[in-house]
Amino acid sequence: MMPRAPLRIALAAMVLLGITASCGGDPVQPPPTTPTPIVATIQVSPSTDTLAALGDTEQLAAQARDGAGNVVPGQTFVWSSSAPSVAAVDASGLVTARGNGTAEIRASVGAIFGSAALVVAQEVAEVLVSPVSATLRTVDATRQFTAQARDANANPISGVRFLWVSSDPGVATVDTTGLAIAVDRGEVTITAAAGVPGRASLTVALRTFVQVSAGEGHSCGLTVDGEAFCWGRNVEGQLGDNSNTPSNVPVPVGGGHQFTSITAGFFHSCGVTTVGEVRCWGANASGQLGDNSNTPRNLPVPVAGSRSWIQVDAGSAHTCAIERTTAAVFCWGGNGFSQLGDGTNNPTTAPLQVPGVTATSVRAGDSHTCAVAASGAGTCWGSDLAGELGDGPATTGPGPVPVTPTVPPEPLMVVDAGTVFSCGTVQSGRGYCWGINTLGELGNGTGFGSDVPVPVSGGLGFTSIDAGVEFACGVSLTGADAYCWGDNDAFQLGNGTGIPGSGTPLLVSGALDLVAVSTGTAHACAVTTDGDAYCWGLNLAGQLGDGTNFNSATPVRVTP
């Protein structure tokens, strides 16, 4: 038996010989190797793009090619941005817009790179106007609006120019900077446009007057929300604004009170507050403020006592009011002609009750006072030098006397006391006046005075008549027109002419829809159905409230 090791050698030799023989005797060659592709170019797609909002993204792709244009697969690209603050790119080629501008995005393999041009240009997707709403309360008041443009991702866009537009320039205008200016009452839309519009609402809520009262050289008005304003002369503090400075535009009465009615006397003013107080301000030499003093006040002070009041009226140097619960009439101030109705000639600085008189309205004139009871009966007291009490033969009585009934008899609604005459309306609306008539104050066209009520000419019906100093005005039952008669030396008849006066009613110019009218010394004021106040006549002290000191023969709008 052959040893094991020589046997293995022999077998290996036999195998080798067999292999050699089967190959024809040629030696074995290794397989050829494929050369490694060389990246010659890199193409990035898309090659250009624009992003319109910060935060928008774009996925870029890169492809490597050799010198023959063949794709070289399996490459790992290094992505970079020439301006990361404009466009950032991550390792996958995802680009994110960061800021406006241009960036080159590169995909690199070694020293070889391809690039894409990326533009970030924010487009306006929305415009926000601030504030979104605003209110202006006086003519020429301003409000600055600002606008901000935003892209689709709510990012702000700087440097945008806006076109500012008001939907109604008759209510409010807006300039190129977004500054809005109030013109008149109403609502408008303020638009800022920059390709797309942004909008805000603006309300011009001007003072809406519900009452106006004309005094000697000043006037006062009450707004729908109970605010009191006065304008004109202010020597005695009658504007109530804590000063003695005159104003030819309305100034708010100080003290923070809300009123239900207001009245302007010769040199003082009064009003009933929402809590039933009577507060007065201005001259007080005769005690007409009723605060137990003779000290003038330039802010409202309460009338002495704890009564609750429903109506007050300021005269020349005295004041009268109606108590709420009893309808009793009280007066205070000057009493040289027994105009306080207490049967004396003694002035008082606190309210005194007029004996035996209850009323639904009371009016204080120059030196006399008139009231109307719930029954429609009229009562007057004080001076009767020209028959202004309306009770027949002229006397200065020690106390109240009944007004002679009208012919035909009708219940009186309101009687107003002027200087030396009085006027009133009856239930049917017919107007009557009595007293002096040298300048046509009675409106009956005769020039003769009367100590009993005589009808105003023209067959007009009136909602009310207000007697001033030597002239009177009333608002018609139909058409809401105002008519005035009497003296016209300062254009207080308001008919647009300079005639000396008229003994019959003349239509006030302007075609205004009026609710009420009030007469003063030589000017008159009225309230329209829209809540505007208009005045006409003498204006040397700014009592017309239109921002000027020029007299006007036609109604001018009180500065809202």
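Every value quoted in this text rests on a predicted model; they were computed, and no experiment measured them.

Calculation rules
Residues numbered from 1 in each chain as written. Predicted model: local features only at pLDDT ≥ 70, side-chain atom pairs only at ≥ 80, totals over all residues. Heavy atoms only, no water. 1 Å grid on protein atoms, 1.4 Å probe; cavity = no way out; pocket = protein on both sides within 12 Å on 5 of 7 lines; lining within 4 Å. Points joined across faces, edges and corners; volume = space filled by probe spheres on them. Helix = DSSP H or I, 4+ residues; strand = E, 2+ residues; numbered from the N terminus. Nonpolar A, V, L, I, M, F, W, Y, C, P; charged D, E, K, R; others polar. Pairing = 2+ DSSP bridges. Axes fitted to C-alpha atoms, helices over the stretch in contact; angles between N-to-C directions. pLDDT = per-residue confidence, 0-100. Contact = heavy atoms within 4.5 Å. Buried < 20%, exposed > 50% of the residue type's maximum accessible area, 1.4 Å probe, protein only.

**Some remarks on the layout of surface pockets**
Part 1 of the argument: By volume, the largest pocket is sized at about 700 Å³.
Part 2 of the argument: Mapped by element, the contributors of at least two residues to the lining of the largest pocket are β20 (209-214), β24 (259-264), β28 (309-314), β32 (361-364), β36 (412-417), β40 (462-467) and β44 (514-519).
Part 3 of the argument: Residue classes in the lining of the largest pocket are distributed as 19 nonpolar, 20 polar and six charged.
Part 4 of the argument: The calculated volume of the second largest pocket comes to roughly 170 Å³.
Part 5 of the argument: Every residue lining the second largest pocket is listed: Arg 137, Thr 138, Ala 205, Leu 206, Arg 207, Thr 208, Thr 223, Val 224, Asp 225, Glu 227 and Phe 229.
Part 6 of the argument: Taken together, the residues that form the lining of the second largest pocket break down as four nonpolar, three polar and four charged.

**Some remarks on the sheet that holds strand β11 (residues 133-136)**
The pairing of strands in a sheet happens through backbone hydrogen bonds and is either parallel or antiparallel.
Part 1 of the argument: One open sheet accounts for four strands, arranged β11-β19-β18-β15; its pairing is mixed. At either end of the open sheet lies a strand with only one pairing partner, and these are β11 and β15 (163-166). Sheet twist, expressed as the average angle between the axes of neighbouring strands with direction ignored, equals 25 degrees.
Part 2 of the argument: Judged from the nine bridges that link them, strand β18 (residues 186-194) and strand β19 (residues 196-204) form a sheet pairing that is antiparallel. Within β19, the position partnered with Thr 191 by the bridge is Arg 199.

**Comments concerning the confidence of the model for the protein**
Reading predicted coordinates in detail is not appropriate for stretches of low pLDDT.
Part 1 of the argument: For the protein, the mean per-residue pLDDT works out to 93, and 93% of the residues sit at or above 70.
Part 2 of the argument: Scored below 50 in pLDDT, residues 1-24 makes two contacts in the model with residues more than four places away or belonging to other chains.

**Focus: the environment of Tyr 483**
Part 1 of the argument: Tracing the chain through its elements places Tyr 483 in strand β42 (residues 482-487).
Part 2 of the argument: Look at Tyr 483 and you get buried, because its relative accessible area is 17%.
Part 3 of the argument: With 10 residues separating them along the chain, Tyr 483 and Leu 493 place their C-alpha atoms 7.8 Å apart.

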